[in-house]
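# Chain and residue survey
Spelled out, the chains give:
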Amino acid sequence: MIIRKYFFIVTFLFAFHSYCTTPLAEQFKQTGYIELCDEHNGSATFDALYTLFDQFIEFLQKNPVWKQKLYAVKERFIRSKDRNLYSTEFFGFYDESEQKGRRQISFYYSTHFHTFICSRYPEFNTVAQLAQFFNACSEIQKPYPSIFKQAAIELGIESIFSSPSNSAPLLLKVVKYLPSYTCTKPHYDGTAFSLFLNSTDDQALRLSPYKSAFTAGDFITPVRKLTRSDRQNAVLLIPGTLLTEFSIYPTPHIVMKSSKTRYATIAFAMKPTYASPCKQELPRLAHLESLE
Ligand SMILES: [Fe+2]
(Lines give C-alpha, C1' and ligand atoms only; values in the text may rest on other atoms or scores of the structure.)
Protein backbone atom coordinates (compact mmCIF):
# COMPACT_ATOMS: atom_id res chain seq x y z
CA MET A 1 0.00 0.00 0.00
CA ILE A 2 2.85 2.37 0.91
CA ILE A 3 4.61 1.47 -2.35
CA ARG A 4 1.40 2.08 -4.31
CA LYS A 5 0.89 5.45 -2.64
CA TYR A 6 4.51 6.42 -3.36
CA PHE A 7 4.08 5.36 -6.98
CA PHE A 8 0.98 7.50 -7.29
CA ILE A 9 2.72 10.58 -5.91
CA VAL A 10 5.72 10.06 -8.20
CA THR A 11 3.37 9.67 -11.18
CA PHE A 12 1.53 12.80 -10.15
CA LEU A 13 4.74 14.81 -9.86
CA PHE A 14 5.95 13.49 -13.20
CA ALA A 15 2.67 14.40 -14.85
CA PHE A 16 2.64 17.76 -13.13
CA HIS A 17 6.09 18.69 -14.36
CA SER A 18 5.81 17.15 -17.80
CA TYR A 19 2.74 19.28 -18.52
CA CYS A 20 4.07 22.28 -16.68
CA THR A 21 7.16 23.29 -18.56
CA THR A 22 4.98 26.37 -18.41
CA PRO A 23 4.53 27.38 -14.74
CA LEU A 24 1.21 26.27 -13.28
CA ALA A 25 -0.07 29.84 -12.78
CA GLU A 26 0.62 30.59 -16.44
CA GLN A 27 -1.06 27.33 -17.49
CA PHE A 28 -4.20 28.33 -15.58
CA LYS A 29 -4.08 31.73 -17.25
CA GLN A 30 -3.70 30.28 -20.75
CA THR A 31 -6.11 27.32 -20.70
CA GLY A 32 -7.90 27.47 -17.34
CA TYR A 33 -6.93 23.90 -16.40
CA ILE A 34 -4.17 21.32 -16.21
CA GLU A 35 -4.59 17.61 -16.96
CA LEU A 36 -2.97 15.14 -14.55
CA CYS A 37 -2.52 11.39 -14.45
CA ASP A 38 -4.22 9.58 -11.55
CA GLU A 39 -2.76 6.09 -11.07
CA HIS A 40 -4.86 5.47 -7.98
CA ASN A 41 -8.50 5.40 -9.11
CA GLY A 42 -9.44 4.16 -12.58
CA SER A 43 -12.82 4.01 -14.28
CA ALA A 44 -13.66 0.66 -12.63
CA THR A 45 -13.51 2.34 -9.21
CA PHE A 46 -15.87 5.12 -10.27
CA ASP A 47 -18.29 2.72 -11.98
CA ALA A 48 -18.48 0.81 -8.69
CA LEU A 49 -18.99 4.10 -6.82
CA TYR A 50 -21.95 5.03 -9.05
CA THR A 51 -23.57 1.62 -8.46
CA LEU A 52 -23.28 2.21 -4.71
CA PHE A 53 -24.58 5.78 -5.16
CA ASP A 54 -27.68 4.48 -6.94
CA GLN A 55 -28.31 2.03 -4.07
CA PHE A 56 -27.75 4.87 -1.57
CA ILE A 57 -30.24 7.12 -3.41
CA GLU A 58 -32.83 4.36 -3.73
CA PHE A 59 -32.61 3.56 -0.02
CA LEU A 60 -33.04 7.20 1.02
CA GLN A 61 -35.90 7.82 -1.41
CA LYS A 62 -37.73 4.73 -0.15
CA ASN A 63 -36.97 5.49 3.50
CA PRO A 64 -37.72 9.20 4.13
CA VAL A 65 -37.10 8.72 7.85
CA TRP A 66 -33.43 7.99 7.11
CA LYS A 67 -33.31 10.88 4.65
CA GLN A 68 -34.53 13.21 7.39
CA LYS A 69 -32.04 11.68 9.85
CA LEU A 70 -29.20 12.40 7.44
CA TYR A 71 -30.36 16.02 7.00
CA ALA A 72 -30.54 16.41 10.78
CA VAL A 73 -27.00 15.03 11.20
CA LYS A 74 -25.75 17.50 8.58
CA GLU A 75 -27.39 20.39 10.47
CA ARG A 76 -25.60 19.31 13.63
CA PHE A 77 -22.28 18.87 11.82
CA ILE A 78 -22.32 22.41 10.39
CA ARG A 79 -22.59 23.70 13.95
CA SER A 80 -19.47 21.75 15.01
CA LYS A 81 -15.95 23.19 14.95
CA ASP A 82 -14.82 20.72 12.27
CA ARG A 83 -17.05 22.48 9.78
CA ASN A 84 -14.73 25.52 10.04
CA LEU A 85 -12.01 23.53 8.28
CA TYR A 86 -14.10 23.61 5.12
CA SER A 87 -15.60 27.11 5.08
CA THR A 88 -18.81 25.81 3.55
CA GLU A 89 -22.14 24.36 4.57
CA PHE A 90 -22.32 21.94 1.66
CA PHE A 91 -22.29 18.50 3.26
CA GLY A 92 -24.40 15.43 2.80
CA PHE A 93 -27.35 14.62 0.57
CA TYR A 94 -29.07 16.99 -1.89
CA ASP A 95 -32.03 15.44 -3.69
CA GLU A 96 -32.99 17.96 -6.36
CA SER A 97 -34.49 15.37 -8.68
CA GLU A 98 -37.91 17.09 -8.63
CA GLN A 99 -36.57 20.63 -8.75
CA LYS A 100 -37.08 22.35 -12.09
CA GLY A 101 -33.81 23.74 -13.41
CA ARG A 102 -31.74 21.37 -11.24
CA ARG A 103 -32.78 17.73 -11.88
CA GLN A 104 -29.77 16.27 -10.12
CA ILE A 105 -28.93 14.34 -6.96
CA SER A 106 -25.63 14.89 -5.20
CA PHE A 107 -23.70 13.94 -2.10
CA TYR A 108 -20.92 16.01 -0.54
CA TYR A 109 -18.56 13.77 1.42
CA SER A 110 -15.80 14.80 3.82
CA THR A 111 -13.79 12.66 6.22
CA HIS A 112 -14.77 14.86 9.19
CA PHE A 113 -18.47 14.53 8.32
CA HIS A 114 -18.04 10.76 7.99
CA THR A 115 -16.26 10.52 11.35
CA PHE A 116 -18.99 12.70 12.92
CA ILE A 117 -21.69 10.32 11.65
CA CYS A 118 -19.87 7.12 12.68
CA SER A 119 -18.96 8.33 16.16
CA ARG A 120 -22.26 9.96 17.12
CA TYR A 121 -24.82 8.03 15.09
CA PRO A 122 -23.51 4.44 14.89
CA GLU A 123 -26.90 3.28 13.58
CA PHE A 124 -25.82 4.59 10.16
CA ASN A 125 -23.19 1.81 10.07
CA THR A 126 -25.92 -0.81 10.36
CA VAL A 127 -27.45 0.10 6.97
CA ALA A 128 -25.37 -1.45 4.17
CA GLN A 129 -26.56 1.02 1.50
CA LEU A 130 -25.31 3.96 3.61
CA ALA A 131 -22.13 2.47 5.10
CA GLN A 132 -20.86 1.03 1.80
CA PHE A 133 -21.28 4.32 -0.05
CA PHE A 134 -19.56 6.31 2.73
CA ASN A 135 -16.68 3.81 2.80
CA ALA A 136 -16.24 3.97 -0.98
CA CYS A 137 -16.06 7.78 -0.81
CA SER A 138 -13.52 7.50 2.01
CA GLU A 139 -11.25 5.26 -0.06
CA ILE A 140 -11.53 7.29 -3.25
CA GLN A 141 -10.69 10.69 -1.74
CA LYS A 142 -7.46 9.57 -0.06
CA PRO A 143 -4.88 10.53 -2.74
CA TYR A 144 -6.21 13.98 -3.59
CA PRO A 145 -5.21 16.19 -0.63
CA SER A 146 -1.59 15.60 -1.69
CA ILE A 147 -2.39 16.81 -5.22
CA PHE A 148 -3.90 20.00 -3.83
CA LYS A 149 -0.94 20.49 -1.52
CA GLN A 150 1.51 19.99 -4.39
CA ALA A 151 -0.38 22.45 -6.59
CA ALA A 152 -0.33 25.04 -3.78
CA ILE A 153 3.44 24.52 -3.36
CA GLU A 154 3.94 24.90 -7.10
CA LEU A 155 2.06 28.22 -6.95
CA GLY A 156 3.95 29.36 -3.83
CA ILE A 157 0.75 29.61 -1.76
CA GLU A 158 1.06 26.54 0.49
CA SER A 159 -0.01 28.60 3.52
CA ILE A 160 -3.57 28.49 2.13
CA PHE A 161 -4.04 25.03 3.65
CA SER A 162 -2.52 25.74 7.07
CA SER A 163 -4.66 23.99 9.64
CA PRO A 164 -4.08 21.72 12.64
CA SER A 165 -3.78 18.73 10.27
CA ASN A 166 -1.77 20.77 7.73
CA SER A 167 -3.72 18.98 5.01
CA ALA A 168 -5.96 20.38 2.29
CA PRO A 169 -9.60 20.08 3.50
CA LEU A 170 -11.30 18.05 0.80
CA LEU A 171 -14.97 17.77 -0.16
CA LEU A 172 -15.83 14.93 -2.52
CA LYS A 173 -18.94 15.54 -4.61
CA VAL A 174 -20.68 12.63 -6.30
CA VAL A 175 -23.47 13.77 -8.59
CA LYS A 176 -26.11 12.10 -10.73
CA TYR A 177 -27.61 14.23 -13.51
CA LEU A 178 -31.05 13.10 -14.62
CA PRO A 179 -32.06 13.06 -18.32
CA SER A 180 -34.26 16.12 -17.64
CA TYR A 181 -31.24 18.14 -16.40
CA THR A 182 -30.85 21.39 -18.32
CA CYS A 183 -27.73 23.48 -18.77
CA THR A 184 -27.31 26.13 -16.06
CA LYS A 185 -25.35 29.37 -16.05
CA PRO A 186 -21.59 29.20 -16.20
CA HIS A 187 -20.14 29.54 -12.72
CA TYR A 188 -16.96 29.65 -10.67
CA ASP A 189 -16.45 27.18 -7.84
CA GLY A 190 -16.07 28.65 -4.34
CA THR A 191 -12.97 26.54 -3.77
CA ALA A 192 -9.19 26.83 -3.77
CA PHE A 193 -9.01 24.14 -6.44
CA SER A 194 -11.51 21.79 -8.07
CA LEU A 195 -10.37 18.46 -9.47
CA PHE A 196 -12.68 16.84 -12.03
CA LEU A 197 -12.02 13.20 -11.24
CA ASN A 198 -14.45 11.32 -13.41
CA SER A 199 -17.51 11.75 -15.60
CA THR A 200 -19.55 9.23 -17.56
CA ASP A 201 -19.70 11.88 -20.31
CA ASP A 202 -16.58 14.00 -20.80
CA GLN A 203 -18.30 16.12 -23.45
CA ALA A 204 -20.65 17.57 -20.82
CA LEU A 205 -18.01 19.77 -19.19
CA ARG A 206 -17.05 22.99 -20.93
CA LEU A 207 -14.73 25.60 -19.54
CA SER A 208 -12.88 28.76 -20.41
CA PRO A 209 -9.78 30.49 -19.10
CA TYR A 210 -10.68 33.54 -16.99
CA LYS A 211 -11.47 36.70 -18.94
CA SER A 212 -13.04 40.03 -18.07
CA ALA A 213 -15.93 39.19 -20.46
CA PHE A 214 -17.12 35.94 -22.02
CA THR A 215 -18.97 34.71 -25.07
CA ALA A 216 -20.50 31.27 -25.62
CA GLY A 217 -17.64 30.41 -27.98
CA ASP A 218 -15.10 30.76 -25.12
CA PHE A 219 -16.46 27.60 -23.44
CA ILE A 220 -14.90 24.48 -24.92
CA THR A 221 -14.60 20.81 -23.96
CA PRO A 222 -11.01 20.26 -22.74
CA VAL A 223 -8.94 18.07 -25.06
CA ARG A 224 -7.80 14.98 -23.10
CA LYS A 225 -4.25 13.87 -23.84
CA LEU A 226 -3.76 11.19 -21.21
CA THR A 227 -4.92 7.59 -21.58
CA ARG A 228 -7.60 6.26 -19.28
CA SER A 229 -8.32 2.68 -18.28
CA ASP A 230 -9.82 0.58 -15.50
CA ARG A 231 -6.70 1.34 -13.43
CA GLN A 232 -5.71 4.78 -14.66
CA ASN A 233 -7.54 8.06 -14.88
CA ALA A 234 -6.96 11.50 -16.38
CA VAL A 235 -8.12 14.32 -14.11
CA LEU A 236 -8.50 18.07 -14.65
CA LEU A 237 -7.38 20.62 -12.06
CA ILE A 238 -8.82 24.17 -12.14
CA PRO A 239 -8.53 27.13 -9.74
CA GLY A 240 -11.57 28.37 -7.79
CA THR A 241 -12.49 31.74 -6.34
CA LEU A 242 -10.47 31.31 -3.12
CA LEU A 243 -7.22 31.95 -5.00
CA THR A 244 -8.13 35.43 -6.26
CA GLU A 245 -6.32 37.02 -3.29
CA PHE A 246 -3.16 35.54 -4.80
CA SER A 247 -3.99 37.00 -8.24
CA ILE A 248 -4.94 33.57 -9.58
CA TYR A 249 -8.36 33.88 -11.19
CA PRO A 250 -11.02 31.15 -11.25
CA THR A 251 -11.97 29.06 -14.24
CA PRO A 252 -15.64 29.43 -15.26
CA HIS A 253 -17.36 26.26 -16.42
CA ILE A 254 -20.70 24.80 -17.50
CA VAL A 255 -22.19 21.32 -17.35
CA MET A 256 -24.18 20.77 -20.54
CA LYS A 257 -27.40 18.76 -20.84
CA SER A 258 -27.29 15.43 -22.63
CA SER A 259 -30.79 13.91 -22.25
CA LYS A 260 -29.43 10.81 -20.51
CA THR A 261 -28.47 9.88 -16.98
CA ARG A 262 -24.88 10.85 -16.18
CA TYR A 263 -22.61 10.67 -13.16
CA ALA A 264 -19.60 12.71 -12.16
CA THR A 265 -17.18 12.93 -9.24
CA ILE A 266 -15.31 16.10 -8.27
CA ALA A 267 -12.85 16.77 -5.43
CA PHE A 268 -12.94 20.30 -4.00
CA ALA A 269 -10.04 21.79 -2.03
CA MET A 270 -11.51 24.16 0.53
CA LYS A 271 -9.74 26.75 2.66
CA PRO A 272 -9.87 26.51 6.46
CA THR A 273 -11.75 29.21 8.42
CA TYR A 274 -12.43 31.42 5.44
CA ALA A 275 -15.83 33.11 5.31
CA SER A 276 -16.92 33.50 1.72
CA PRO A 277 -19.90 32.78 -0.50
CA CYS A 278 -19.56 29.27 -1.89
CA LYS A 279 -20.25 29.96 -5.52
CA GLN A 280 -20.28 33.02 -7.74
CA GLU A 281 -22.48 33.16 -10.81
CA LEU A 282 -21.30 34.76 -14.01
CA PRO A 283 -23.77 36.77 -16.04
CA ARG A 284 -25.87 34.53 -18.27
CA LEU A 285 -24.31 34.31 -21.73
CA ALA A 286 -26.30 35.98 -24.47
CA HIS A 287 -26.14 32.94 -26.77
CA LEU A 288 -26.03 30.18 -24.17
CA GLU A 289 -29.03 28.49 -25.78
CA SER A 290 -26.91 27.73 -28.83
CA LEU A 291 -24.73 25.52 -26.60
CA GLU A 292 -27.66 23.43 -25.49
FE1 LIG B 1 -18.58 23.79 -10.70
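The model shown is predicted, which means the values in this text are computed figures rather than measured ones. (Residues numbered from 1 in each chain as written. Predicted model: local features only at pLDDT ≥ 70, side-chain atom pairs only at ≥ 80, totals over all residues.)

## Looking at the overall build of the chain
For the chain, the count of helices and strands is seven helices and 11 strands. Counting the 292 residues in the chain, one finds 35% classified as buried. Considering only residue pairs separated by 6 or more positions, the chain has 79% of its internal contacts joining residues 24 or more positions apart. (Helix = DSSP H or I, 4+ residues; strand = E, 2+ residues; numbered from the N terminus. Buried ≥ 20, exposed ≤ 12 C-beta atoms within 10 Å, placed from the backbone. Contact = placed C-beta atoms within 7 Å.)

## Remarks on unusual backbone geometry
Backbone geometry at Ser 87 places phi at a positive 50°, although glycine is not the residue there. Relative to the assigned elements, Ser 87 resides in the loop between helix 4 (64–77) and strand 2 (92–96). Using a count of 19 C-beta atoms within 10 Å as the deciding quantity, one classes Ser 87 as partly exposed. Notably, Arg 103 is not glycine yet its phi reads approximately 50°, a positive angle. Taking the number of C-beta atoms within 10 Å as the measure of exposure, Arg 103 has 17 and is therefore partly exposed.

## Details of the sheet that holds strand 1 (residues 34–38)
Pairing in this open sheet of seven strands is antiparallel, and the strands run 1-8-6-10-4-3-2 from one edge to the other. Every other strand in the sheet has two partners, leaving strand 1 and strand 2 as the edge strands with one partner each. When the angles between neighbouring strand axes are averaged without regard to direction, this sheet yields 20°. As defined by bridge partners, strand 3 (residues 104–109) adjoins strand 4 (residues 170–177) across six bridges and the pair is classed as antiparallel. Following the sheet pairing, Ser 106 is matched in strand 4 by Val 175. (Pairing = 2+ DSSP bridges. Axes fitted to C-alpha atoms, helices over the stretch in contact; angles between N-to-C directions.)

## Considerations on the nonpolar core
Residues Phe 148, Leu 195 and Leu 237 are the most contacted members of the largest nonpolar core, which totals 67 residues. Those residues in contact with Phe 148, other than ones at most four positions away along the chain, are Ala 168, Ala 192, Phe 193 and Ala 269. (Core = buried A, V, L, I, M, F, W, Y, C linked by C-beta atoms within 7 Å.)

## Examining the environment of Lys 100
For Lys 100, the position within the fold is in the loop between strand 2 and strand 3. For Lys 100 and Thr 182, which are 82 residues apart along the polypeptide, the C-alpha to C-alpha distance reads 8.9 Å.

## Brief notes about the confidence of the model for the chain
Per-residue confidence for the chain averages 85 on the pLDDT scale, and 85% of its residues sit at or above 70. The spread of mean pLDDT over the elements of the chain runs between helix 1 (residues 2–18), the lowest at 45, and helix 6 (residues 128–141), the highest at 98. This stretch, residues 1–11, has a pLDDT under 50; its non-local contacts, to residues over four places away or in other chains, come to seven contacts. Across residues 285–292, where pLDDT falls below 50, the model places 15 contacts with residues more than four positions away in sequence or in other chains. (pLDDT = per-residue confidence, 0-100.)

## With respect to the pairing of strand 3
Among the six residues in strand 3, five count as buried, and that is most of the element. Summarising the sheet, strand 2 and strand 3 pair through five bridges and their orientation is antiparallel. Bridging from a neighbouring strand, Glu 96 pairs with Gln 104 of strand 3.

## Examining the packing of helix 3 (residues 43–62) against helix 6
Between helix 3 and helix 6, whose axes approach to 9 Å, the crossing angle comes to 150°. Judged by the sense of rotation from one axis to the other, the crossing of helix 3 with helix 6 is left-handed. Where helix 3 approaches helix 6, its residues Thr 45, Ala 48, Leu 49, Leu 52, Phe 53, Gln 55, Phe 56 and Phe 59 are matched on the opposing element by Gln 129, Leu 130, Gln 132, Phe 133, Ala 136 and Ile 140. Residues belonging to the contact of helix 3 with helix 6 are distributed by class as follows: 10 nonpolar, four polar and no charged. (Left-handed = near helix turned anticlockwise from the far one by under 90°. Nonpolar A, V, L, I, M, F, W, Y, C, P; charged D, E, K, R; others polar.)

## Considerations on helix 6
The end-to-end C-alpha separation of helix 6 is 20 Å, in line with the 20 Å expected for 14 residues at 1.5 Å each. Within helix 6 the residues assigned to the buried category are Leu 130, Phe 133, Ala 136, Cys 137, Ile 140 and Gln 141. End-on view of helix 6: buried residues confined to an arc of 135°, all on one side of the axis. Set apart from the buried face of helix 6 by more than 90 degrees, the exposed residues are Ala 128 and Glu 139. (Expected span 1.5 Å × (residues − 1). Arc of directions from axis to C-beta.)

## Digging into the environment of Gln 99
Within the secondary structure layout, Gln 99 lies in the loop between strand 2 and strand 3. For Gln 99 and Tyr 181, which are 82 residues apart along the polypeptide, the C-alpha to C-alpha distance reads 9.7 Å.

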